[in-house]
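Listed below, chain by chain, are the residues.
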Amino acid sequence: MNTATFADLSPQRLHALLTQSPKAELHVHIEGTLEPELIFALAQRNGVTLPYADVEALRRAYAFTDLQSFLDLYYAGCDVLRTEQDFFDLAWAYFERAARDHVVRAEPFFDPQSHTARGIGFEVFMPAFIHAAQRAQDELGLSVGWILSVLRHLPEDDALHTLDAAMPWMDHLIGLGLDSSERGNPPEKFARVFARAGQLGLHRVAHAGEEGPPEYVRSALDVLGAQRIDHGVRASEDAELMQRLAREQTPLTVCPLSNVRLCVVPDLAQHNLPQLLAAGLKVTVNSDDPAYFGGYVNDNLTQLFAVQPALGAPQAYALLRNSLEASFAADADKALWLAQLDAQWQGAGRAA
Ligand code: ADE
Ligand code: ZN
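Please read these numbers as outputs of a predicted model, since none were measured by experiment. (Residues numbered from 1 in each chain as written. Chains lettered and ligands numbered in written order. Predicted model: local features only at pLDDT ≥ 70, side-chain atom pairs only at ≥ 80, totals over all residues. Heavy atoms only, no water.)

Some words on the overall build of the protein
We count it as follows: Helix numbers and strand numbers start at the N terminus; a helix is a DSSP run of H or I with at least 4 residues, a strand a run of E with at least 2. Three labels apply to residues, based on accessible area from a 1.4 Å probe with only protein chains included: buried if under 20% of the type maximum, exposed if over 50%, partly exposed otherwise in between. In what follows, a contact means two residues having at least one pair of non-hydrogen atoms within 4.5 Å. Where accessible areas are quoted, they stem from the Shrake-Rupley method and a 1.4 Å probe; at the residue level, only the protein chains shown are allowed to cover. Counted charges follow a simple rule, with Lys and Arg positive, Asp and Glu negative, and His plus the chain ends left uncounted. Where a charge lies is defined by one atom per residue type: Lys uses NZ, Arg uses CZ, Asp uses CG and Glu uses CD.
Check the secondary structure of the protein and you find 17 helices and 10 strands. For the protein, the spread of C-alpha atoms along the three principal axes comes to 55 × 40 × 40 Å. Considering the protein as a whole, with its 352 residues, one finds that 58% of them fall into the buried category. Counted over contacts in the protein with a minimum sequence separation of 6, partners at least 24 positions apart contribute 77%. Here the protein displays about 13,400 Å² of accessible surface, and carbon together with sulfur accounts for 51% of that area. For the protein, the distance from the average site of its 27 positive side-chain charges to the average site of its 45 negative ones is 3 Å.

Right, here's the structure in full:
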C-alpha cells in the first residue's frame, strides 16, 4: 500500500479509519478490564464488602503514582471474581467492548496466580474463558487466543506449578506471558518456566522496559526467547537495542494511556511511540488495563493521534497493519484481515 496517497486525508477521515479498521489487541489483561460497575455488581452477587462507598469513590482511588500503586488496587479488585459466571461476565464484557472498536483478534492475558492464591482454581476460570471465547467467535466474529501470564514478584517455582496446573487446558492456550512488578524481578528469574513453555509449543511474550531498564528487554529476548515485548518503551534509551529491535522486527505492544497513568511518561504528547515507529520498530497500540487507565484500544489510538503532530495516516496504517501481523493467529486469518484493512484504506484513498 502506498501510504503517501493518504497524506492529505482529513482529520475526520483519519479518525474514522483509525476507529473502524480491523485491528488486533495484543496487550490486555482480562482482570484489567474489570470495570468499577462490574466490581460493585459482583461484590453484591458474592456478598463481598468493598472499602468504597460507591463506583465514583472507587474510580477516585484510581490515581496511581507508579506500577506498584496500580497493582495493589488491581489485585484487590480481583477478589470479587469468585465463580465461573463471574469470570464469564468479565471476559464477555471485554469481548463485546472490543468488537465495538473493530478488534477482530484479541490475545488477552489472564493471571492464574491472583486467583489460585485465593483458592479459585483453573476449573473455575478456564471453562468461563473458553466459553466466552467461543461465543465471541460465534456471535461477534472476534477471534481469541488466551495467554497465561505468570507474576514476576512471586518465585519461579510458583510459576512452574502454575504451568503444571494448566496442563489439562493447554489446547486453549496460545502463549506464556510475564507481568507484575518489573523492577527487581528481571526476566532471567523465569528462564526455566519459559524454556518449559517453549517445549510445550507455547508462544512466549514478556513485559519488559515498562519501568525496568533496557537490559530487561534484552534478557527477555535472549533468556526467555520472547517473541513480542510488552511495553518496551524504555528501549529508546539504548541505541544498540533499538537497532536490534528494528532489524529483528520484534513487535512491541505499547500502551500509551497506561504509560501516562502509571507515570512512565509525563503525558501523551511526550510519549515516544512516534520515535519508536520512525526508527523502524514493529510497534502496536493496546489498552493494557482499560478499566483502570481510562480507555480501550480506540481511545488509545485516537487520543494519541490527537496530540502527536508526527502521527498521521501513514503511521495509522502501519500501527493497524502491525497489530494484525504481530498476532499469533493462523496465517490464513491474518491474510484475510489484512486484505480487509487494505480494502478499507484503498476505498478511503479514493474518497479523499
Ligand atoms: N499487570 C497488569 N497490568 C500490568 C502492567 N502494565 N505491567 C505489569 N504488570 C501488569
Ligand atoms: Zn500489561
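Things to note about the pattern of salt bridges
In plain terms, the rule: By definition, a salt bridge exists where a carboxyl oxygen of Asp or Glu is found within 4 Å of a side-chain nitrogen of Lys or Arg.
Counted under the stated rule, the structure contains 21 salt bridges. Note that Glu37 is salt-bridged to Arg59, the shortest N-O span being 2.9 Å. Residue Glu37 is found in helix α2 (residues 36-46), and its partner Arg59 is found in helix α3 (residues 55-60); the two are separated by 22 residues along the sequence. Take Glu37: its relative accessible area is 41%, and that puts it in the partly exposed class. A salt bridge links Arg244 to Asp222; the nearest nitrogen and oxygen atoms lie 2.8 Å apart. Of the two residues, Arg244 is situated in helix α11 (residues 239-248) and Asp222 in helix α10 (residues 214-222); the sequence distance between them amounts to 22 residues. Assessed through its relative accessible area of 49%, Asp222 is described here as partly exposed.

Here we look at the coordination of the zinc ion (ligand 2)
The criterion, for reference: Counted as donors are the N, O and S atoms within 2.8 Å of the metal, or 3.2 Å for Na, K and Ca, while water is not among the atoms, so some sites may look incomplete. Four donors are marked tetrahedral only if all angles between them lie between 85 and 135 degrees, whereas four are marked square planar and six octahedral if opposite donors are more than 155 degrees apart and the other angles lie between 65 and 115; the remainder are marked irregular.
Looking at the metal site, the zinc ion (ligand 2) is ligated by His27 (NE2), His29 (NE2), His207 (NE2) and Asp288 (OD), spaced 2.0 to 2.2 Å from it. In this structure, the zinc ion (ligand 2) is coordinated by 4 donor atoms arranged in irregular fashion, with angles at the metal of 83 to 173°. Each donor residue of the zinc ion (ligand 2) lies on one chain, and together they are spaced H-x1-H-x177-H-x80-D. Taken as a pair, His29 in the loop between β1 (23-25) and α2 and His207 in strand β7 (residues 203-208) lie far apart in primary sequence, 178 residues in all. On the accessibility criterion, His207 (5% relative accessible area) is buried.

Looking at helix α9 (residues 191-199)
Note the following rule: Taking the helix axis as origin, the arc is that swept by the directions to the C-beta atoms.
Among all positions of α9, only Val193, Phe194 and Ala197 are buried. Around the axis of α9, the buried residues are gathered within 100° of arc, so they sit on the same side. Close packing links the buried residues of α9 with α8 (156-165), β6 (173-179) and β7. Immediately downstream of α9, the backbone of Gly201 shows phi near 80°, a positive value.

Concerning the sheet that holds strand β4 (residues 143-144)
What counts here: Paired strands are those between which DSSP finds at least two bridges. Angles run from 0 to 180 degrees between N-to-C directions of axes, and those axes are lines fitted to C-alpha atoms, restricted for helices to the stretch in contact.
Strand order in the open sheet formed by 3 strands is β1-β2-β4, with parallel pairing between adjacent strands. Each edge of the open sheet is held by one strand with a lone partner, namely β1 and β4. Bridging between β1 and strand β2 (residues 103-106) involves 3 bridges; their strand directions are parallel. Paired with Glu25 across the strands is Ala106, a residue of β2. Strand contacts of helix α16 (residues 313-325): β1 and β2, with the helix running at about 60° to β1, the strand carrying the most contacts.

Examining the nonpolar core
As a reminder of what qualifies: By nonpolar core we mean a set of buried residues, namely Ala, Val, Leu, Ile, Met, Phe, Trp, Tyr and Cys, connected to one another through side-chain atoms within 4.5 Å.
Core analysis: the largest hydrophobic core is formed by 114 residues, its most contacted members being Phe95, Phe110, Trp146 and Trp345. Counting residues in each nonpolar core, the second largest holds 5 residues, with Phe109, Ile174, Val205 and Phe328 among its members.

Notes on the packing of helix α1 (residues 11-20) against helix α15 (residues 297-307)
Under the convention used in this document: An angle counts as roughly parallel when it lies under 35 degrees, as roughly antiparallel when it exceeds 145, as roughly perpendicular when it falls between 65 and 115, and as oblique in every other case. If you view the pair so one helix is near and one far, a crossing is left-handed when the near helix is turned anticlockwise from the far one by less than a right angle, and right-handed when it is turned clockwise. Each residue is assigned to one of three groups, with Ala, Val, Leu, Ile, Met, Phe, Trp, Tyr, Cys and Pro labelled nonpolar, Asp, Glu, Lys and Arg labelled charged, and all others, Gly among them, labelled polar.
Orientation of α1 relative to α15, taken along the N-to-C sense of each, is 155°, at an axis distance of 9 Å. The orientation of α1 with respect to α15, classified from their angle, is roughly antiparallel. Crossing geometry of α1 relative to α15 is assigned as right-handed. Contacts from Leu14, His15, Leu18 and Thr19 in α1 reach Asn298, Leu301, Thr302 and Phe305 in α15. Classifying every residue of the contact of α1 with α15 gives 4 nonpolar, 4 polar and no charged.

Things to note about the site of ligand 1
Put simply, the rule reads: Here a residue is considered near a molecule or strand provided that any single heavy atom belonging to it is located within 4 Å of it. Here a polar contact is taken to be a pair of N or O atoms separated by no more than 3.5 Å, where protein atoms must pair a possible hydrogen donor with a possible acceptor and residues adjacent in sequence count only if both atoms sit in side chains.
Neighbouring residues of ligand 1: His29, Leu67, Phe70, Leu71, Tyr74, Asp179, Ser180, His207, Glu210, His231, Asp288 and Asp289. Separating a nitrogen atom of ligand 1 from a side-chain N or O atom of Asp179 is a distance of 3.1 Å. His231 is positioned such that a nitrogen or oxygen atom in its side chain is 3.3 Å from a nitrogen atom of ligand 1. With the chains in place, 100% of the 260 Å² that ligand 1 exposes on its own is no longer accessible. Across the shell around ligand 1, the residue classes break down as 4 nonpolar, 4 polar and 4 charged.

As for the sheet that holds strand β3 (residues 109-110)
Taken in spatial order, the 7 strands of this open sheet run β3-β5-β6-β7-β8-β9-β10, and their pairing is parallel. The open sheet has two edge strands with one neighbour each: β3 and β10 (283-285). In terms of strand pairing, strand β9 (residues 252-254) meets β10 through 3 bridges, oriented parallel. Bridging across to β10, Leu252 finds its partner in Val283.

Observations regarding the packing of aromatic side chains
Operational definition: For Phe, Tyr and Trp, where Trp contributes only its six-membered ring, two rings pair if their centres lie within 6.5 Å, and the inter-plane angle classes them as stacked under 30 degrees, edge-to-face over 60, or tilted in between. Should the NZ of a Lys or the CZ of an Arg lie within 6 Å of a ring centre and within 35 degrees of the ring normal, that charge is described as sitting over the ring.
This model, assessed by the stated rule, comprises 21 aromatic pairs. The interplanar angle of 85° and the centroid separation of 6.0 Å between the aromatic rings of Phe110 and Trp146 together place this pair among those described as edge-to-face. With Phe110 in strand β3 and Trp146 in strand β5 (residues 146-151), this residue pair connects regions lying 36 residues apart in the sequence. Like Trp146, Phe110 is buried. Linked through ring pairs, Phe87, Tyr94, Phe95, Phe110, Phe122, Phe125, Phe129 and Trp146 together constitute an aromatic cluster. Directly above the aromatic system of Trp92 lies the positively charged group of Arg135, at a separation of 4.2 Å from the ring centroid.

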